[in-house]
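Listed here are the chains, written in short residue letters.
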Amino acid sequence: MNIQHIAKLARLEISAGDTNKWQSEMEEMIKMAGELPECSTADMLPDSIMPLRDDVIKDCGISHDEMLKNAPVTRDGHICVPKTVPVKEKN
Amino acid sequence: MKLYEYSAAELSEMLMTGKCSSAEIAYDVSERIKEAEPAVGAYITLNDSMLRDAELIDNARNRGGLPHPLSGIPIAVKDNISTAGIRTTCASRMLSSYIPPYDAHAVDCLHRAGSIVTGKTNMDEFAMGSATDTSFFHTTHNPIDTAYSAGGSSGGSAAAVCAGEAILALGSDTGGSVRQPASFCGIVGFKPAYGAVSRRGLIAFAPSLEQIGVMGKTVRDAELLYQLISENDPMDPMMRTCSCKHSSSLRIGVPKELFDSTIVSDECREASFSALRLLETDGAVLTEISVPKLRYAANIYYVISSAEASSELARYDGVRYGHRSQNAAGLESMYVKSRTEGFGDEVKRRIMLGTFVLSEGSREAYYLRALAAMRELRHELDAVFDSCDIIAAPTYPRPPFSANEAQSATDKYSADICTVPANLAGLPALSVPCGKAKNGLPVGIQLMSPAGAEQRLFAAAKKYEELCGGFAQFRGGSGYAV
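As the structure is a prediction and not an experimental result, all values here were calculated from the model.

Reading guide: rules and limits
- Residues numbered from 1 in each chain as written.
- Chains lettered and ligands numbered in written order.
- Predicted model: local features only at pLDDT ≥ 70, side-chain atom pairs only at ≥ 80, totals over all residues.
- Helix = DSSP H or I, 4+ residues; strand = E, 2+ residues; numbered from the N terminus.
- Rg over C-alpha atoms; globule rule 2.2 N^0.38 Å.
- Buried ≥ 20, exposed ≤ 12 C-beta atoms within 10 Å, placed from the backbone.
- Contact = placed C-beta atoms within 7 Å.
- Nonpolar A, V, L, I, M, F, W, Y, C, P; charged D, E, K, R; others polar.
- Arc of directions from axis to C-beta.
- Axes fitted to C-alpha atoms, helices over the stretch in contact; angles between N-to-C directions.
- Parallel < 35°, antiparallel > 145°, perpendicular 65-115°, else oblique.
- Left-handed = near helix turned anticlockwise from the far one by under 90°.
- Pairing = 2+ DSSP bridges.

Engineer: A description of the overall build of chain B should follow, citing residues and the corresponding values.
Structural biologist: Counting its regular elements, chain B contains 16 helices and 11 strands. The globule rule puts the C-alpha radius of gyration for 482 residues at 23 Å, and the 21 Å found for chain B is close to it. Taken along the three principal axes of its C-alpha coordinates, chain B extends 65 × 55 × 45 Å. The 482 residues of chain B split such that 60% are buried. Relative to all contacts within chain B whose residues are 6 or more apart in sequence, the contacts with residues 24 or more apart total 76%.

Put into structure tokens, the structure is as follows:
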């Protein structure tokens, strides 16, 4: 187990100075997690798939503006994020 | 006697007979909050309109409305249960300014019954912890002795009920987070069967295990609040109704794995046995049982709950709600820095453990094996319910510990062994106070039954409450430390 690899998968950052602390703590937790009885894992999935509601649009009684109130940055009724596609410079 | 010292059932009776008003109860509770809160720290956010809400309820009652027994009763709500227009933080920096646009179904039930929401209670961040000390805001202290922990993760809710800062409280229980703090604070905590209470509006941590639970000073109080929030909700597709035939006798299974002296302290074991012996004098039959997979319950629980947490908490990316880092350069960096700044260490631990057990090469060895072991544990518990009506065990293997006590993550996780089986098997479970430890703090006994047999639990717990002379003695009578 490489803690920096796991942190990268989890979209978390661990500073170089904290790497050893997290590495040893995680190893201890993984050791505990691995102490499981020998059981057959055959037919384990799917066991009980959580049912989902029908994916249909309906009025939930909450306005567009209300829904956007918790977004960190909005503009003209949209949520803003940093630029994702580089814009080609025009000559 | 101040009104906050009465049980919800007593106050309900007083309201119905005109001996007091909702406004008077709300006033007493709000004064008590001012008095106790500096030392206890049960709340993150108070409901500023509590007194006004109570007056409106009085007016409605005077017009002949609101017949529900809990109308006008002040109830605290854990801060991972959504309240429209009231900040709901999960005790995390990530959601420190999040205001839900809708009420959780359980909160909607409170409003329709005319109950009064006192405020939002402190908790471990995202309900991950057992001492209410991983909160981004502050640590909650035990009202009986503030040098001690109130337990967790619903420590704020338990402390609020114990201190009289609320009459009842909602908590959430993913692995014991209602029952353990209830036992630390000398009150009653009930985790319903999986699917008995809607999870709509409960901010998810491990959705296959968690349930909204209830806390009160007495068994009857917990039962009243449970009856109120267990209304069917078509918006939670996992809701289900179970029924069990009523049993007139009481056969109590005593699992040797949860009374093992290498796991459970002498004080907690003895207190539980004393309670069981008292029930035995009243005709209950005690039977030693063995459920071998219980030994692995904490290990199974931490694999499955962390796996689910890593997936559930992936939604916090700084885009639609929650903390967004101001130090990011580009989209990927925004995700990583928002999460790194927004989550505390315990949440990061669980997310990374979950990420590991679901990663390529580990899924079979950890996650699937834990699911298989959980399935076997469920079969073993089903089988023992053929020979007993309820199962009893200490709620927690050790007495309440000091606030901010340093413990390793794995030591803390292992101590959840008595409470996590009910979550893994979806069973209803109730903790009632059963004695005091040498440090003067209360300890609890836990009763579990098959889903659908909640009435057996309430009946057995009420019987014990009657036989032991009431739980107030375990909280130190009506005297409060703060």
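Engineer: So what about helix α4 (residues 105-113) of chain B? Which residues, and what values?
Structural biologist: All names here are of chain B. A large share of α4 lies buried, amounting to seven of its nine residues. All of the buried residues in α4 are His105, Ala106, Val107, Asp108, Cys109, Leu110 and Ala113. Residues of α4 that are buried make contact with β2 (74-78), β3 (116-121), β4 (168-173), β6 (211-216) and α7 (219-229). Once α4 ends, the next one or two residues include glycine 114, with phi positive near 80°.

Engineer: Tell me about the interface of chain B and chain A, and please be specific about residues and values.
Structural biologist: With 49 residues of chain B at the interface, the matching set in chain A holds 39 residues. When contributions to the side of chain B that touches chain A are tallied by element, the ones reaching two or more residues are α9 (297-312), α10 (331-342), α11 (345-358), α12 (363-384) and α13 (409-414) of chain B. If you tally residues by element for the side of chain B that touches chain A, the top one is α12 of chain B, at 10 residues. In terms of residue class, the side of chain B that touches chain A is built from 30 nonpolar, eight polar and 11 charged.

Engineer: Summarise the environment of alanine 127 of chain B; cite the residues concerned and give the values.
Structural biologist: Residues and elements named next belong to chain B. Among the secondary structure elements, alanine 127 is positioned in the loop between β3 and α5 (155-163). Between the C-alpha atom of alanine 127 and that of alanine 370, which follows or precedes it by 243 residues, the distance is 21 Å. Beyond its immediate stretch of four places on either side in the chain, alanine 127 contacts Asn80, Ser153, Ser172, Thr174, Ser177 and Phe205.

Engineer: Provide a residue-level description of helix α1 (residues 8-16) of chain B, including the pertinent values.
Structural biologist: Residues and elements named next belong to chain B. Every buried residue of α1 is listed here: Ala8, Ala9, Leu11, Ser12 and Leu15. Looking straight down α1, one finds its buried side chains confined to an arc of 160°; they lie on one side. Among the structural elements, α2 (22-40), β4, β6 and α7 are those in contact with the buried residues of α1.

Engineer: Could you give me a rundown of unusual backbone geometry, with the residues and numbers involved?
Structural biologist: Residue and element names in this part refer to chain B. Along the chain, glycine 152 connects to serine 153 via a cis peptide bond; the corresponding omega equals 10°. Tracing the backbone shows serine 153 in the loop between β3 and α5. In this structure, threonine 132 takes a positive phi of about 50° despite not being glycine.

Engineer: How would you summarise the packing of α2 of chain B against helix α3 (residues 50-62) of chain B if you had to cite specific residues and measurements?
Structural biologist: Residue and element names in this part refer to chain B. As a packed pair, α2 and α3 sit with axes 7 Å apart at the nearest point and diverge in direction by 160°. Relative to α3, α2 is oriented roughly antiparallel. Considering how the two elements wind past one another, α2 and α3 form a crossing that is right-handed. Along its contact with α2, which presents Ser22, Ala23, Ile25, Ala26, Tyr27 and Ser30, the element α3 presents Met50, Leu51, Ala54, Glu55, Ile57 and Asp58.

Engineer: How would you sum up the pairing of β4 of chain B? Please name residues and give values.
Structural biologist: All names here are of chain B. For β4, the buried fraction is high: six of the six residues fall into the buried class. Of the two faces of β4, the one lined by Leu168, Leu170 and Ser172 and the one lined by Ala169, Gly171 and Asp173 are each fully buried. For β2 and β4, the ladder comprises three bridges, and the chain directions are parallel. What sits directly across from isoleucine 75, in β4, is leucine 168. Alignment of β4 against β6, held across five bridges, turns out to be antiparallel. Within the sheet, the bridge partner assigned to serine 172 lies in β6 and is isoleucine 212.

Just distances and angles here, no functional claims.
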